[in-house]
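This is what each chain is made of:
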Amino acid sequence: MKDAPINSPLVLAGAGHAHLVLFRRWLDDGFRPPAGTVLINPGPDAWYSGMMPGLLAGRYTAADCAIALAPLCQALGIELIDDSVVALNAAGNVITLAKAGALSYQTLSINTGSRPPPPVLNDGSIDLVPAKPFAEFFQRWQLWQRGEAPARLGILGGGAAAVELALALRKSLPASDVHVFSGRALLEGHACGLMQRARNLLLARDVKLREDVYIDQLRQGQAMNGERPLQQLDALILANGAAAQSWYQDSGLMCDQSGFIRVDDTLRSTSSSDVFVAGDSAAHAGSQKSGVYSVRHGAVLARNIKAKLTGGELTAYRPQKSALALLSTADGGALVHYAGFTLSGRLIGKWKNHLDQGFMKKHRLTDAR
């Protein structure tokens with residue numbers, strides 16, 4: 001990072017959904033951040049989570065689901081740095097990168113997301129595959145596609161991501177037995193109609209579902225609950241919710257009990273006026289760990305970082321009271337629940353594709369190179 005500034009006026013860490021929306025808002029408003037602004041992201045692309053199950057099911061290509069960051073950065077005068085954050089010293093306004101070392105900042109925005117938590121004990125006998133970050137998961141899936149698929153494949157989790165992954169992998173890896181292990185009821189917290197339709201669909205596709213099963217150990221090729229063997233597995237995909245990045249709690253920023261960074265209603269850290277946090281990284285009352293909320297964060301983040309840089313007034317983020325539940329079913333269809341109604345089918349799938357393609361079209365710029 002020889003050409004990077006010693007002290008950046010603005011560092012954007014991570015190219016999550018919130019930062020993608022921020023870029024689009026700034027472009028639409030004609031705002032350009034100060035010279036020396038940098039974006040730090042591991043890899044040249046941002047992946048859109050809404051289309052990932054469709055990619056695994058063979059309905060999209062990788063190019064369909066990725067947004068090149070270079071054109072966005074070039075249009076905004078931002079330097080793109082291919083790197084990962086490994087540490088933050090909030091008291092000293094210094095962020096440390098895996099390859100490039102330390103970089104100081106005047107204002108920092110964190111959108112580096114979460115990671116799925118692994119079982120407490122793992123002896124290495126089962127291939128452990130986190131569903132996030134997706135770029136790494138996609139590389140592993142490509143190996144499986146080339147004939148290295150596990151005979152017995154488990155998915156740990158009971159949320160929308162686990163359901164979508166199970167259906168997509170059942171289609172793309174037909175030789176693998178697919179097992180879903182949910183620590184609670186499948187899609188707990190969603191409408192009963194959506195929960196039952198998802199169960200029926202997994203059953204119809206020959207996905208083995210076990211609910212109210214907590215896996216805390218992987219030993220001798222067995223997924224286990226304490227000393228009780230549950231299933232012999234060759235690989236286990238982690239799609240079991242969100243755990244904080246390890247460096248959040250060591251940053252000096254105030255965090256919640258789960259290790260996520262506490263923010264106020266302006267999405268600014270409660271312990272540092274120089275730091276904004278959005279998406280899964282943020283602990284905010286009323287926000288959930290999902291792409292829907294991250295996208296909503298982005299619009300407020302764009303206004304408030306601009307306001308801080310220009311001396312304006314910060315505005316408050318108000319979480320929506322309800323969020324649309326829309327799940328891909330790997331066959332061109334989708335499940336949806338909103339405002340008390342649960343529906344499924346190809347027409348819902350076409351609507352989901354329209355929404356996804358609209359997001360990509362809105363936030364993607366043609367590479368000027």
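Because the structure is predicted, anything quoted here is derived from the model rather than measured.

A.B. asks: Could you clarify how one ought to interpret the overall build of the chain in this entry?
C.D. replies: A tally of helices and strands in the chain yields ten helices and 25 strands. Over its C-alpha trace the chain gives a radius of gyration of 21 Å, about what one expects of a compact globule, namely 21 Å for 369 residues. For the chain, with 369 residues in total, the buried portion stands at 50%. Pairs at least 24 apart in sequence give 66% of the contacts found in the chain among residues at least 6 apart. In the structure as shown, the chain presents an accessible area of about 16500 Å², 50% of it carried by carbon and sulfur atoms. Distance between charge centres in the chain, computed from 37 positive and 31 negative side chains, equals 6 Å.

A.B. asks: Even after reading the chapter, I still don't get the packing of helix 6 (residues 160–172) against helix 7 (residues 192–204), so can you show me in this structure?
C.D. replies: Between two packed helices, what matters for the description is the angle formed by their axes and the separation of those axes. It is at 10 Å that the axes of helix 6 and helix 7 come closest, and there the two elements cross at 25 degrees. With respect to helix 7, the element helix 6 is oriented roughly parallel. By crossing handedness, the relation of helix 6 to helix 7 is classed as left-handed. For the pair helix 6 and helix 7, contact is made by V163, A166 and L167 and by A198, L201 and L202, respectively. Class assignment of the residues belonging to the contact of helix 6 with helix 7 gives a composition of six nonpolar, no polar and no charged.

A.B. asks: Just to check I follow, could you spell out the confidence of the model for the chain for this structure?
C.D. replies: Any segment with low pLDDT has predicted coordinates that should not be analysed in fine detail. In the predicted model, the chain carries a mean pLDDT of 93, and 97% of its residues have values of at least 70. A low-confidence stretch, residues 1–5 stays under pLDDT 50, and its non-local contacts, those more than four residues away or across chains, total twelve contacts.

A.B. asks: Is there a simple way to explain the pattern of salt bridges in this structure?
C.D. replies: Pairing of side chains with opposite charge becomes possible as their charged atoms draw close. According to the stated counting rule, one finds 13 salt bridges in the structure shown. We note a salt bridge from K208 to D177, for which the minimum N-O separation is 3.7 Å. Remark: D177 occurs in strand 13 (residues 177–181) and K208 occurs in strand 14 (residues 208–210); sequence separation between them is 31 residues. A residue is classified by how much of its surface remains accessible, and K208, at 31% relative accessible area, is partly exposed. A salt bridge links E211 to R199; the shortest N-O distance between them is 2.9 Å. Taken together, the residues E211 in the loop between strand 14 and strand 15 (217–219) and R199 in helix 7 connect sequence positions twelve residues apart.

A.B. asks: So what exactly am I meant to see when it comes to a nonpolar patch on the surface here?
C.D. replies: Taken together, the side chains of L324, Y338, W351 and L355 present a nonpolar region at the surface, about 360 Å² in accessible area. When its relative accessible area of 36% is taken as the criterion, L355 is described as partly exposed.

A.B. asks: Honestly, the layout of surface pockets in this entry has me stumped. Any pointers?
C.D. replies: One simple way to see leftover space: roll a probe sized like a water molecule over the atoms. Its boundaries defined by the atoms lining it, the second largest pocket holds a volume of some 170 Å³. Together, 15 residues line the second largest pocket, and R59, Y60, G332, G349 and N353 are the ones closest to its centre. At five residues, helix 10 (residues 346–363) tops the list of elements feeding residues into the lining of the second largest pocket. Classifying every residue of the lining of the second largest pocket by side-chain character gives three nonpolar, seven polar and five charged.

A.B. asks: I'm lost on the nonpolar core in this one. Help?
C.D. replies: Most often, soluble globular proteins keep nonpolar side chains buried together rather than apart. With 68 residues, the main nonpolar core has I155 and I237 as its most contacted residues. The biggest single contributor to this core is helix 6, with seven residues. Beyond its immediate sequence surroundings of up to four residues, I237 is in contact with V129, A131, F137, W144, L153, G154, I155, L156, L165 and L169. Of all hydrophobic cores here, the second largest spans 30 residues; its members include V11, A13, L267 and Y317.

A.B. asks: It is not clear to me how a positive patch on the surface should be interpreted in this structure. Could you clarify?
C.D. replies: Taken together, R59, K171, R346 and K350 make up a surface patch of like positive charges. Along the chain, R59 falls in the loop between helix 2 (52–56) and helix 3 (62–65).

A.B. asks: Explain the side chain of H284 here, please?
C.D. replies: Relative to the assigned elements, H284 resides in the loop between strand 22 (282–283) and helix 9 (291–310). At 2.9 Å, the side chain of H284 and the side chain of D265 are in polar contact. Apart from the residues within four sequence positions on either side, H284 is in contact with V263, D264, D265, Y317 and P319.

A.B. asks: Which parts of the structure should I look at to understand the packing of aromatic side chains?
C.D. replies: Within a pair of aromatic rings, the relevant descriptors are the distance that separates the centres and the angle that separates the planes. One pass over the structure, following the stated rule, counts nine aromatic pairs. Ring centres of F138 and W141 lie 5.7 Å apart, and the angle between their planes is 20 degrees; on these two criteria the pair is classed as stacked. Note that F138 and W141 are positioned in helix 5 (residues 134–148) at a spacing of three residues, about one turn of the helix. The interplanar angle of 80 degrees and the centroid separation of 4.7 Å between the aromatic rings of W247 and Y248 together place this pair among those described as edge-to-face. The pair formed by W247 and Y248 is uniform in burial state, with each residue classed as buried.

Quick notes on the rules
Residues numbered from 1 in each chain as written. Predicted model: local features only at pLDDT ≥ 70, side-chain atom pairs only at ≥ 80, totals over all residues. Heavy atoms only, no water. Helix = DSSP H or I, 4+ residues; strand = E, 2+ residues; numbered from the N terminus. Rg over C-alpha atoms; globule rule 2.2 N^0.38 Å. Buried < 20%, exposed > 50% of the residue type's maximum accessible area, 1.4 Å probe, protein only. Contact = heavy atoms within 4.5 Å. Areas by Shrake-Rupley, 256 points an atom, 1.4 Å probe, with all protein chains shown as cover. Lys, Arg positive; Asp, Glu negative; His and termini not counted. Charge placed at Lys NZ, Arg CZ, Asp CG, Glu CD. Axes fitted to C-alpha atoms, helices over the stretch in contact; angles between N-to-C directions. Parallel < 35°, antiparallel > 145°, perpendicular 65-115°, else oblique. Left-handed = near helix turned anticlockwise from the far one by under 90°. Nonpolar A, V, L, I, M, F, W, Y, C, P; charged D, E, K, R; others polar. pLDDT = per-residue confidence, 0-100. Salt bridge = Lys/Arg side-chain N within 4 Å of Asp/Glu carboxyl O. Patch = residues over 30% accessible without salt bridge, like charges linked within 9 Å, V, L, I, M, F, W, Y side chains within 5 Å. 1 Å grid on protein atoms, 1.4 Å probe; cavity = no way out; pocket = protein on both sides within 12 Å on 5 of 7 lines; lining within 4 Å. Points joined across faces, edges and corners; volume = space filled by probe spheres on them. Core = buried A, V, L, I, M, F, W, Y, C linked by side-chain atoms within 4.5 Å. Polar contact = N/O pair within 3.5 Å; in protein donor to acceptor, adjacent residues only side chain to side chain. Phe/Tyr/Trp six-rings, centres within 6.5 Å; stacked < 30°, edge-to-face > 60°.

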